[in-house]
Structure formats: C-alpha cells, structure tokens
Amino acid sequence: MSYHILRYGTNADKKFIDQNNKYYDLLAINGNMLAYTPGALAGFIRKNLLNESDKGFFIDPITHSFQHSLDKIKSYSKKEKKQTLKKSIENLIDYYGEPLITHIKTPENSEKEDEKGRPVRAVDFNDHKESFCENVINFQLNEIKNKNKEKGFLKYLDADDQRLNDFEPDFITPPYFYLNEMSYEEWLELNIEFAEIAVGKYPERDIFVQLVVSDDIFISQKMRDAIIEKYSTLDVKGVLLWIDDFNEHQASKSKLEVYFNFIKELSQNNLEIINLYGSFFSIMLTAFEDELSFSLAGVGHGMEYGEHRAVVPVGGGIPSSRYYFYPLHRRLRFQTASEYIKSHIIDKAQSPKKEDIANLYYTEICDCSKCKQIIGKDIDNFFEFESTEVYEYEVKGVKRQRSYADQETKENCLIHYLESKVEEFEEVEELNLKDLLTIIDNNYDTFLKYGHQDQEELNYLIKWKTVLESGMNSDD
C-alpha cells in the first residue's frame, strides 16, 4: 500500500477537503503556512485527522527557501513602500533561529541603507547545526499540538492518551537544502549531517529526509552516484524526492529512464522513496514491485495543480482550471476535452438519448461522483466544467484576453481532479502491469486518431509504456 499525498494549498482551498479526507493518505503542509496561520491549521488537523488512524500529515520545513535569492521570500509592503520579508517567512525564521536571524532577518529589518541580508551559505551553519536541526524538528512536532493546547482542546486528554499522537506528524524531516551540479558537494554534506543529527536526537521517530535536486541530475552521473552513496548510509525510514520542475508528461524518454533507475537504486538500499510531485507515471511505480523489482512508497500532487513544481517558482498570471481527462491521465483545455467527448462518446453513441450518452460517458471516460452530480442524465451538462470568465492582459502593447474559472467551475474541476487521482491509485492496485500498459497503448491509438491533439502531445503515453516495459525486462 502506497501513500497518496495531497499538498495542502491555501487556507481558502481547505473547504474542498474539509471533513472529506478520502482524497489523501497523508497531507503535506508547508512550514511557512503553519508559521503564518498556526491556529487555522491546528483546527483543521483536529477536525479532520483526530481519531483517523489511516490518515496523517507531515510538515515540509522548506529550509531550502533560505539559500535562494531573497527576492523569492519577499513581497511588496504598502506600509513600508518596499519589498520586505513575507510575514510567514519572518515567523518561520523566528522559529528556526540562527543563522537565519543574523544573515537574513536582522539585516533586512535594519534601517541602515548599507546593510543587506543575503541567502545562507553552507558554512553559516558551522556553529549552529544541532540547534538549527532541533528547532526545525521541534517546530514540526509541537506547533499544532501547542496551538490546540492553548485553545483548551487537550485538557481532557491524559498524557499517555494515544489521541495526542494525532496532533503530531507521521514522520519528521530534518533541514535540507537544494542540490545542483555546481554546488552539491557542500550542501550534500550538510544535508547528511542534519539527517545524522536527527537520527541521534530523535531515535524513536520515523524520519524522512528530503532530497531536492536540480535537473542536473539527469546529465551528471557523478552527482547521482554521490547522492546514492551518501543517502544509502542513513538510518532513516525514507526519502522525499523533489526533482526541480520535472514534468513527467514533457520529459524525454532518456530522462524518464534516468528517473526510473535513480529511484530504483535508492529504494533498493532499504529506503522508502516518495515522489512529492508526480503524475500517473509515478503512481504506476507504486504498485508493481514484483514486475519492476522496486516500488515507490508514495506520490504527491497539489490541489488540481502540482504534479511538477519548480524549486524557485516563477509567477505567471492567473492559472486556468482544466478538465482532467482520465483516459489520457492529463489536464486538458476544456475545448480539447469537449472535442474528445464529441468524437469518442456523442458521435459513437448508438442512441440519441442524452441519458444514454451520459451513461456511455460514465463507462468510457469517468464515473466519479462529481461528474455524475454535474452531468446527471444530460451530457450537455458537461459544459459546467468550462471556464467562461475572462481577464485582459497586455503583451508588447497588444491587449489580449484569457479565460479563467469562476469559483463554481474551479470547484467542479478541482473535485473531479481529486476524484480522478483516487481512482488512479486504486486502478494500479487492481490491475497487473501488462494489462495496464495495454490500456495505455489502446488509449493512445484511440484518441490520436481523432486528431484533436498532435502525436507529439500524446507521445508521453508511449514513453511511459516503453520505459516500464524496459524495466520489466531489464532483469530477465
């Protein structure tokens, strides 16, 4: 059984999963969000995970944020009329302490023009490794519990009450920093030291180290070998893997093969590997240990978005909701999805009745509860997934329009996406790998012939199939 991990989005998004934890096994919560709204998150955990033995959460301490350009952790302050540290980041620095206070917070809050903060360097931790590691982990262990205690929710629980464990993360994550080909050696050494400190200080805790790497890992065998050698020595439960902006739909076959072999080597050193941002390709890797000689321990994604993510995000306007087209395991523009529905369902239906066409949709495309709620007995209701609002933007003096989803459309697409992800995790457990690859191959042939997408746009299905078939045969 693998972990289905959902990345908690914003507090505004929590309504989509509040009192409904069927969409995940583990909830991933960013440390800056917990530092900014600890009360709200403590309440959410209490309402949704108390007494839920098969559900849990963990805190991503996001310590890598402090090694990048400080512009990435700042926002414009109308009050001060300049870029300042985001309040959530400032709170997190207060929890974590040195060397972040000396090199980031104090200079940034100084009124002296000649004082400027800077990102931390590996050498800055020389005198602070143990204290920093403890501060980061204690924040994960105690913040949600303490906030519930302050509100009086724990006063009726004895010190040995097992329900207290529900207020603690399922595992702890030591501080970690981003690795790229130019500087991975010094940061790798520091990551390993933090992991070893955590093992020594918290021997009774499950520990997952986080491994955040650039896409240099695809071209540098030396870097891959060094990482595998170092991490395989750790006495931890597993690794949370994040490859910078690794898009499994757009990746070349050679990159998918490197990814496949990299996690295979890591996992065979008695480490559970979780891909924090993955698509259906990674989900398939969770279920076929006998055929592939390894399996991922879990896969994560965000709230409709987040099957890949850049380590240093770049802003880009208002994201539009898209419809997750299950047979292709990908989010599509509504127009493309509706064209497929017309070609594959409406034009092929043997009955003109809308109810019969709707039933064919449920058989061939998706029978999730959200689709059944929206479409009902009338396939025309599929248009409820369409984004109809528009906003204007300007490119080189030319005004353009782009659609975006109103709140109802966003909710429709989001819930359908979450339902589809649950179905994917269930499907890979129910089928054998050869049958699943046959379905992928058939779907590729079927939907390519309609001509609504170019062959290049669908080739990821063949690349996935080829890599997995090669993996099945590699040990024969």
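To start, this report covers the structure provided alongside it.

**Remarks on the pattern of salt bridges**
A pair can form between side chains of opposite charge whenever their charged atoms are brought close.
Here's step 1: Counted under the stated rule, the structure contains 20 salt bridges.
Here's step 2: When the shortest N-O distance is used, the salt bridge between Lys230 and Glu189 registers 3.3 Å. Of this pair, Lys230 sits in helix α7 (residues 221-231) while Glu189 sits in helix α6 (residues 184-201), and the two are 41 residues apart along the sequence.
Here's step 3: Its relative accessible area of 29% is what places Lys230 among the partly exposed residues.
Here's step 4: According to the relative accessible area criterion, Glu189 is partly exposed, its value standing at 36%.
Here's step 5: For the salt bridge of Lys465 with Glu469, the shortest nitrogen-to-oxygen distance reads 3.1 Å. Separated by four residues within a single helix, Lys465 and Glu469 lie in helix α16 (residues 455-473), roughly one turn from each other.
Here's step 6: Residue classification places Lys465 among the buried residues on the basis of a relative accessible area of 16%.
Here's step 7: The exposure class of Glu469 is partly exposed, given its relative accessible area of 31%.

**Notes on the packing of helix α5 (residues 129-150) against α6**
Packed helices, taken two at a time, are described by the angle their axes make and the gap between the axes.
Here's step 1: Running from N to C, α5 and α6 point in directions that differ by 65°, and their axes come no closer than 10 Å. When the axis of α5 is compared with that of α6, the two are roughly perpendicular. Helix-helix and strand crossings are classified by hand; for α5 and α6 the assignment is right-handed. Note on element contacts: α6 touches α5 through Leu190, Glu193, Phe194, Ile197, Ala198 and Lys201, opposite Lys129, Glu130, Phe132, Cys133, Glu134 and Ile137.
Here's step 2: Taken together, the residues of the contact of α5 with α6 break down into seven nonpolar, no polar and five charged.

**Regarding helix α15 (residues 433-448)**
Here's step 1: Its 16 residues give α15 an end-to-end C-alpha distance of 22 Å, which sits within 8% of 22 Å, the value for a rise of 1.5 Å per residue.
Here's step 2: Burial in α15 covers these residues: Leu433, Leu436, Leu437, Ile440, Asn443, Tyr444, Thr446 and Phe447.

The rules behind these values
Residues numbered from 1 in each chain as written. Predicted model: local features only at pLDDT ≥ 70, side-chain atom pairs only at ≥ 80, totals over all residues. Heavy atoms only, no water. Salt bridge = Lys/Arg side-chain N within 4 Å of Asp/Glu carboxyl O. Helix = DSSP H or I, 4+ residues; strand = E, 2+ residues; numbered from the N terminus. Buried < 20%, exposed > 50% of the residue type's maximum accessible area, 1.4 Å probe, protein only. Axes fitted to C-alpha atoms, helices over the stretch in contact; angles between N-to-C directions. Parallel < 35°, antiparallel > 145°, perpendicular 65-115°, else oblique. Left-handed = near helix turned anticlockwise from the far one by under 90°. Contact = heavy atoms within 4.5 Å. Nonpolar A, V, L, I, M, F, W, Y, C, P; charged D, E, K, R; others polar. Expected span 1.5 Å × (residues − 1).

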